[in-house]
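Chain by chain, the residues:
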4 protein chains.
Amino acid sequence: MEHNIDLSGYSIRTDLAVEAHELAQQQNESSIPGIWLQADDSEADIKVTRLHVQNEEAAKQIGKMPGHYLTIEVPKLRDNDTSIEEKVAQRFSVEFANFLQQLGITEDKKALVVGLGNWNVTPDALGPMVVENLLVTRHLYKLAPETVGEGYRDVSALSPGVLGITGIETSEIVFGVVEKSKPDFVICIDALASRALHRVNTTIQISDTGIHPGSGVGNKRKAIDQSTLGIPVIAIGVPTVVFASTIVNDAITYLLGHFGQSMVESKRAYNKLSLSSLPERKEPYSEDDLPDMESRKTFMGLVGSLPEEEKRQLIHEVLRPLGQDLVVTPKEVDDFIEGVANVIATGLNRSLHRAVDEGNSASYTH
Amino acid sequence: MEHNIDLSGYSIRTDLAVEAHELAQQQNESSIPGIWLQADDSEADIKVTRLHVQNEEAAKQIGKMPGHYLTIEVPKLRDNDTSIEEKVAQRFSVEFANFLQQLGITEDKKALVVGLGNWNVTPDALGPMVVENLLVTRHLYKLAPETVGEGYRDVSALSPGVLGITGIETSEIVFGVVEKSKPDFVICIDALASRALHRVNTTIQISDTGIHPGSGVGNKRKAIDQSTLGIPVIAIGVPTVVFASTIVNDAITYLLGHFGQSMVESKRAYNKLSLSSLPERKEPYSEDDLPDMESRKTFMGLVGSLPEEEKRQLIHEVLRPLGQDLVVTPKEVDDFIEGVANVIATGLNRSLHRAVDEGNSASYTH
Amino acid sequence: MEHNIDLSGYSIRTDLAVEAHELAQQQNESSIPGIWLQADDSEADIKVTRLHVQNEEAAKQIGKMPGHYLTIEVPKLRDNDTSIEEKVAQRFSVEFANFLQQLGITEDKKALVVGLGNWNVTPDALGPMVVENLLVTRHLYKLAPETVGEGYRDVSALSPGVLGITGIETSEIVFGVVEKSKPDFVICIDALASRALHRVNTTIQISDTGIHPGSGVGNKRKAIDQSTLGIPVIAIGVPTVVFASTIVNDAITYLLGHFGQSMVESKRAYNKLSLSSLPERKEPYSEDDLPDMESRKTFMGLVGSLPEEEKRQLIHEVLRPLGQDLVVTPKEVDDFIEGVANVIATGLNRSLHRAVDEGNSASYTH
Amino acid sequence: MEHNIDLSGYSIRTDLAVEAHELAQQQNESSIPGIWLQADDSEADIKVTRLHVQNEEAAKQIGKMPGHYLTIEVPKLRDNDTSIEEKVAQRFSVEFANFLQQLGITEDKKALVVGLGNWNVTPDALGPMVVENLLVTRHLYKLAPETVGEGYRDVSALSPGVLGITGIETSEIVFGVVEKSKPDFVICIDALASRALHRVNTTIQISDTGIHPGSGVGNKRKAIDQSTLGIPVIAIGVPTVVFASTIVNDAITYLLGHFGQSMVESKRAYNKLSLSSLPERKEPYSEDDLPDMESRKTFMGLVGSLPEEEKRQLIHEVLRPLGQDLVVTPKEVDDFIEGVANVIATGLNRSLHRAVDEGNSASYTH
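Residues numbered from 1 in each chain as written. Chains lettered and ligands numbered in written order. Predicted model: local features only at pLDDT ≥ 70, side-chain atom pairs only at ≥ 80, totals over all residues. Heavy atoms only, no water.

S.K.: Let's hear about the interface of chain C and chain B: which residues, and what values?
M.R.: Often, the extent of an interface is quoted as the loss of accessible area upon association of its parts. Chain C puts 31 residues into the contact, and the matching count from chain B is 31 residues. Both sides together, the interface formed by chain C and chain B hides about 2,500 Å², and carbon and sulfur atoms give 56% of it. For the salt bridge of K180(C) with E179(B), the shortest nitrogen-to-oxygen distance reads 2.6 Å. Summed over the shared surface of chain C and chain B, the result is 14 residue pairs in polar contact (both at pLDDT 80 or more). Every element with two or more residues in the side of chain C that touches chain B is listed here: α4 (126-132), α5 (138-143), β5 (155-158), α6 (163-166) and α7 (170-181) of chain C. Per-element tally for the side of chain C that touches chain B: the top contributor is α7(C), with eight residues. The residue inventory of the side of chain C that touches chain B, partitioned by class, reads 14 nonpolar, nine polar and eight charged. (Contact = heavy atoms within 4.5 Å. Buried area = accessible area lost by both parts, 1.4 Å probe. Salt bridge = Lys/Arg side-chain N within 4 Å of Asp/Glu carboxyl O. Polar contact = N/O pair within 3.5 Å; in protein donor to acceptor, adjacent residues only side chain to side chain. Helix = DSSP H or I, 4+ residues; strand = E, 2+ residues; numbered from the N terminus. Nonpolar A, V, L, I, M, F, W, Y, C, P; charged D, E, K, R; others polar.)

Structure follows, in structure tokens:
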């Protein structure tokens with residue numbers, strides 16, 4: 001999540017391709033050429049979306065690098081339910097194994113897993129926590145290869161720390177370690193920012209595009225991807241934070257639609273609801289309270305007509321004096337991060353090592 | 001913060017008396033009888049507000065128990081600046097000593113400090129963290145009174161844990177320990193919920209009203225206050241979380257005023273701003289884009305006329321499907337909690353023990 | 001482990017009844033009347049010893065309160081092997097359930113589990129760590145009894161902290177909470193001191209004698225047992241530390257026997273060993289190096305004849321200037337404590353709640 | 001401390017040059033050529049020893065690499081006394097600054113500080129804990145050099161983790177990062193093993209010899225020193241653990257002397273001591289209990305004549321079946337490590353950055 005530090009273009013505010021695509025579609029009101037998207041909700045509680053950004057033009061449209069993005073969304077992941085976590089770990093391991101296969105990464109290829117982020121900042125500790133629970137084997141291959149059983153891949157792992165602690169760009173550390181340890185591919189794990197609170201800690205994104213700190217902001221910080229490392233770089237990310245201003249923005253957007261299209265219904269529903277159950281309610285709305293069609297049109301025209309970008313900028317400017325332009329995370333962040341780190345570590349151990357499966361993977365994580 | 005678990009009346013959503021008072025004033029548009037308020041910003045960077053809820057009527061109006069509330073607001077407390085922290089600790093110790101004096105609590109009175117909250121949930125760990133850094137002396141008075149120097153009060157401390165971990169109401173644990181250890185007064189430290197992100201981790205509230213879990217919701221959970229314990233109970237609280245929906249609500253309220261009164265100016269300002277500095281801007285607004293007075297009035301009529309309570313309920317209902325009714329905390333919660341816990345522990349050690357001062361208090365905290 | 005603070009009689013130095021009994025036997029060279037002992041090693045890797053101190057006379061002889069002691073010894077518990085941990089958790093749950101039954105504690109009896117010790121001192125954090133992983137239900141019985149399924153006992157839990165943090169005797173806190181929460185019996189979990197490094201983190205002791213801080217030292221600190229609480233108190237302890245001087249003492253005792261009986265063989269064995277494998281060896285012993293029978297007798301007479309107590313006192317006096325009279329714990333203490341806390345929490349959850357078994361108990365611990 | 005993993009030659013068992021030198025002297029009974037040693041106890045509570053291993057021959061004799069070793073011994077460092085810690089931090093900063101100067105390392109030279117060790121194993125977490133509290137500046141020099149004030153050196157830092165977590169040799173990670181980040185010299189911080197409990201957590205060793213994992217054991221693990229990195233490597237180490245068998249060995253050695261020379265006096269002293277103060281004492285020794293001169297000679301001949309190496313090997317062989325060949329650390333390890341890590345971080349910040357001094361250094365550590 002280090003790359004958010006110099007996030008000058010607040011307008012980005014999402015590291016998830018599915019969100020970026022949604023946003024772009026809202027503005028275009030038509031499908032975007034060069035984007036291929038497939039949703040799969042065949043398994044209960046789990047929605048898997050595969051999104052392919054096929055060319056530079058499409059990449060520019062949605063603000064995400066060309067490549068493959070796979071998103072696993074599990075709203076119940078926040079329930080701290082062990083059986084859901086096991087289910088997601090298993091699905092993750094299957095999807096990740098397929099992802100590797102499609103990239104032509106076979107079982108004999110050596111993996112280096114990099115846990116990005118700051119272990120002292122709970123919502124940013126995802127990467128280091130996954131690394132702690134990985135089954136690493138590279139040293140066994142080096143020091144005592146005869147002891148390594150069938151079905152284990154050569155895996156190493158690293159938590160490089162963040163710029164504020166090391167003073168060294170993460171990418172420099174990774175480059176140096178890759179040169180010395182010579183893996184065949186790299187897996188980077190990072191905490192992400194989302195636009196929507198409901199995606200925080202419920203969504204896992206896998207992509208083959210690598211890591212691009214503060215992308216597009218013309219800074220000097222280097223990407224960690226195939227073009228810079230010379231080997232495939234797969235990024236695994238989980239949104240753990242959201243900008244307060246995007247919560248507001250999205251709520252207003254939602255409210256605008258709601259007001260415009262269904263204010264009448266909403267007020268009527270509210271009348272029913274309130275009368276029966278809510279002590280705070282004093283009296284129902286009369287029909288006269290309801291806005292006439294004309295007012296609603298005016299309202300829509302007033303705010304709704306602002307281009308998305310400008311509306312957001314306006315909200316941003318307005319909220320800054322309120323001190324509300326903070327990055328926030330759910331109160332239960334400690335539990336959430338631990339749970340999702342366990343899911344990813346378990347899933348990675350299974351998909352990287354054929355010999356690790358549902359029966360024995362618990363032995364490898366804490 | 002345990003009392004938020006069964007917070008059925010979402011409408012409360014603030015544990016700060018100054019916020020509750022602000023809200024009540026917004027609705028009344030006049031000063032509330034029975035409320036005495038005094039603000040003191042004589043010291044740079046620090047604003048101290050003293051608020052006295054003088055009777056039951058006033059208490060009902062603002063939704064806070066009758067009693068004295070002292071609030072220390074320091075926006076810079078979030079900057080992780082050691083010199084600011086030292087300054088606030090010192091001010092806190094002076095204010096807290098005065099607060100004790102006004103309650104008639106003299107130096108010979110024995111204190112029990114109770115650190116409420118869950119040590120496993122970072123934004124709720126404030127109380128236990130303060131307790132860890134207190135200078136406790138009760139055992140010395142009991143076991144080796146001759147070793148206790150001049151200027152030290154009899155102080156004990158307890159972190160009772162939360163209902164989900166113990167299965168026992170916090171109040172029951174505190175009652176039991178008070179009966180056995182017989183302090184003369186109790187200090188409860190707790191993490192609070194605020195309405196405003198800018199108050200999170202920048203505000204300390206001291207009150208003589210004790211702790212009232214899920215107040216007013218008719219639940220069976222007992223208060224920890226003078227009426228239940230028979231001795232004075234002073235509560236120290238710091239808002240560490242905010243409901244996502246109140247962020248939205250307050251932003252919308254703010255925006256409404258902004259839209260209504262200054263949309264024209266805002267757009268004009270935006271034009272200037274954007275043209276010079278923002279690459280995202282495509283073109284300035286023309287004067288024709290600006291809403292005419294009629295539209296603005298309609299807009300105000302449409303949303304602005306909703307009573308506060310109903311507007312909030314509406315936002316709540318609307319946001320629930322977005323999964324956005326979460327309690328959130330700033331991403332940097334680990335650092336914030338550590339910093340403010342240190343401020344309070346240092347301040348308490350100084351005000352409870354005359355012999356502890358600016359020169360030596362660092363030795364007692366970690 | 002708090003009671004070790006004022007451990008003036010260093011001669012105790014073991015909280016394990018089996019060790020105290022061994023020591024007493026060494027000095028008596030005959031079985032002690034009033035001690036009933038039964039060892040059971042029917043299950044591989046696990047040795048269970050049941051020891052009954054039947055009267056005050058026997059208690060005085062071995063320095064342990066009259067009552068039942070059950071010890072589970074598992075040398076492999078230190079191997080960090082998940083399958084061993086599961087096996088021990090299961091055995092513990094069976095033994096503990098039987099222990100409850102023999103005390104006449106039926107399924108409807110309410111339990112309060114007290115995690116003694118200091119969570120900031122890793123080898124003393126066992127009790128608090130077990131408490132964190134317990135399935136507590138008392139609040140459900142109180143607030144929503146209809147939601148509690150069949151097969152769950154009323155369980156509450158508490159980590160009272162230690163005297164240095166609270167300033168209040170642990171026993172006072174427990175008494176107060178017991179009076180308010182009214183359990184039918186109490187389970188206390190504590191880290192212990194052992195005489196032998198090989199028992200550290202490999203041994204679990206269950207007893208019905210309660211907790212006796214600094215027993216026999218005439219201090220003012222109160223016991224937590226049936227006589228003080230009025231309800232059964234079961235203690236569960238795991239040795240996590242050992243006094244450096246007892247390591248030395250036991251090694252010397254062992255060496256004395258070794259020297260006396262097998263020095264010749266040892267040196268001969270050493271010759272063989274050294275010649276083949278050890279580069280440090282310069283040359284073998286000649287037969288002339290071996291001590292004759294007379295010398296060996298003299299040696300035995302010299303040191304071996306000292307009474308156990310005096311030999312220990314001598315070692316203690318000798319070592320003090322070396323600064324070696326520290327309490328030590330294995331370097332891997334973090335892992336050990338986590339593992340054994342998990343074993344006990346899992347075992348307790350299963351034996352306290354009939355509805356928790358091997359299939360689902362993992363969901364209740366972290 | 002990672003290099004202890006494959007410590008096959010138990011005979012080493014000390015990472016401290018002063019201990020190695022003491023041992024060598026005990027065996028030689030004369031001073032060793034090529035060793036220059038100077039002790040300085042001009043400052044109360046602090047003993048500084050400078051030891052220069054001047055050539056390969058001397059290095060072989062004491063088992064330590066040729067180079068300079070500076071040892072700061074502070075028995076009171078274990079007292080958790082803030083004023084002692086401040087005093088040691090200040091002395092450390094002065095000594096370390098001199099050490100740099102003598103190596104010709106000027107203020108403009110860029111430092112990389114490497115925190116060796118495992119953050120999950122408390123006694124091995126020293127290095128990572130120091131790194132967390134360093135004032136790093138390299139990123140400021142790179143990204144915004146104009147913001148760096150006068151008196152700050154270019155400092156970066158890294159906690160590479162241990163082989164069991166990363167699967168990569170620490171030296172490989174350091175080599176890779178040095179190549180990319182191009183420091184002028186490296187400082188490695190590591191937890192050490194000592195022979196003596198009284199040196200654990202009371203001693204800091206600085207040397208210019210770098211880090212040599214499992215030295216001399218013919219393993220494949222690479223050193224981190226000037227010969228492998230091409231730039232000066234300064235090692236800072238603190239003994240945090242001791243082998244149980246060396247506690248025994250040293251105690252026996254000490255006892256042997258004691259028995260031989262002063263058993264009579266000891267028993268007489270014991271008589272006096274016991275009669276007055278110890279309840280356990282039954283009756284004084286009669287003069288007949290005391291060993292005659294002949295017995296004492298025999299005893300000395302029996303054990304005392306064994307060469308040091310063989311005596312240790314014997315103890316090792318004897319103790320193995322007792323399961324006592326563990327590495328141990330004092331029970332209070334958490335506090336000790338935190339305290340000494342703070343001392344080193346504070347001292348390093350002062351000696352690396354001229355602008356950091358006693359007045360402001362607290363702001364840079366937690």
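Additional details are given in the paragraphs that follow.
S.K.: Go over the side chain of T122(D) with me, naming the residues and quoting the values.
M.R.: Along the chain, T122(D) falls in the loop between β4 (111-115) and α4 (126-132). Setting aside residues no more than four positions away along its own chain, T122(D) makes contact with T122(C), D334(C), V333(D), D334(D) and I337(D).

S.K.: Give a description of the environment of Q90(A) that names residues and reports values.
M.R.: Residues and elements named next belong to chain A. Along the chain, the position of Q90 falls in helix α3 (residues 82-102). When the C-alpha atoms of Q90 and S351 are compared, they prove to be 9.1 Å apart, with 261 residues separating the residues in sequence. For Q90, the residues in contact, after removing those within four places along its chain, are R350 and E358.

S.K.: Mind laying out the packing of aromatic side chains, listing which residues take part and the relevant values?
M.R.: For any pair of aromatic rings, the description consists of the separation of the ring centres together with the inter-plane angle of the planes. All names here are of chain B. Scanning the entire structure with this criterion turns up six aromatic pairs over all chains. Ring centres 5.6 Å apart and planes at 10 degrees place the aromatic pair F92 and F96 in the stacked group. Of this pair, F92 and F96 both sit in helix α3 (residues 82-102), four residues apart, which is roughly one turn of that helix. Neither F92 nor F96 differs from the other in exposure class; each is buried. (Phe/Tyr/Trp six-rings, centres within 6.5 Å; stacked < 30°, edge-to-face > 60°. Buried < 20%, exposed > 50% of the residue type's maximum accessible area, 1.4 Å probe, protein only.)

S.K.: Tell me about the relation of the copies chain C and chain B, residues and numbers included.
M.R.: Mapping between the two copies of the chain is achieved by a rotation about an axis and a shift along the axis. Superposition of chain C onto chain B requires a rotation of 180 degrees combined with a translation of 0.0 Å along the rotation axis, giving an RMSD of 0.0 Å. Put plainly, the chains are arranged around a two-fold axis. Of every C-alpha in chain C, the one belonging to G176(C) sits nearest the axis of rotation, 1.9 Å from it. Taken together, the interface assignments show that 100% of the residues at the interface of chain C recur at the interface of chain B, consistent with an identical surface on both copies. (Least-squares fit on C-alpha atoms with pLDDT ≥ 70 in both.)

S.K.: Residue-level account of the environment of V114(A), with values.
M.R.: Residues and elements named next belong to chain A. For V114, the position within the fold is in strand β4 (residues 111-115). Residue classification places V114 among the buried positions, given a relative accessible area of 0%. Considering only alpha carbons, one finds V114 and P160, 46 residues apart in sequence, at a separation of 7.4 Å. Leaving out residues up to four positions away in the same chain, V114 has contacts with V131, L158, P160, V174, V186, I187, C188 and I189.

S.K.: Explain the pairing of strand β8 (residues 233-243) of chain D residue by residue, including any values.
M.R.: All names here are of chain D. Judged by how many residues are buried, β8 sits mostly within the fold: eleven of eleven residues are covered. By the bridge criterion, nine bridges tie strand β6 (residues 185-194) to β8 in an arrangement that is parallel. Looking at β8, one finds that A193 is bridged to V241. Bridge count for strand β7 (residues 203-207) against β8 is three bridges, and the pairing is antiparallel. Bridged to S207 within β8 is A235. Pairing between β8 and strand β9 (residues 327-330): two bridges, direction antiparallel. (Pairing = 2+ DSSP bridges.)

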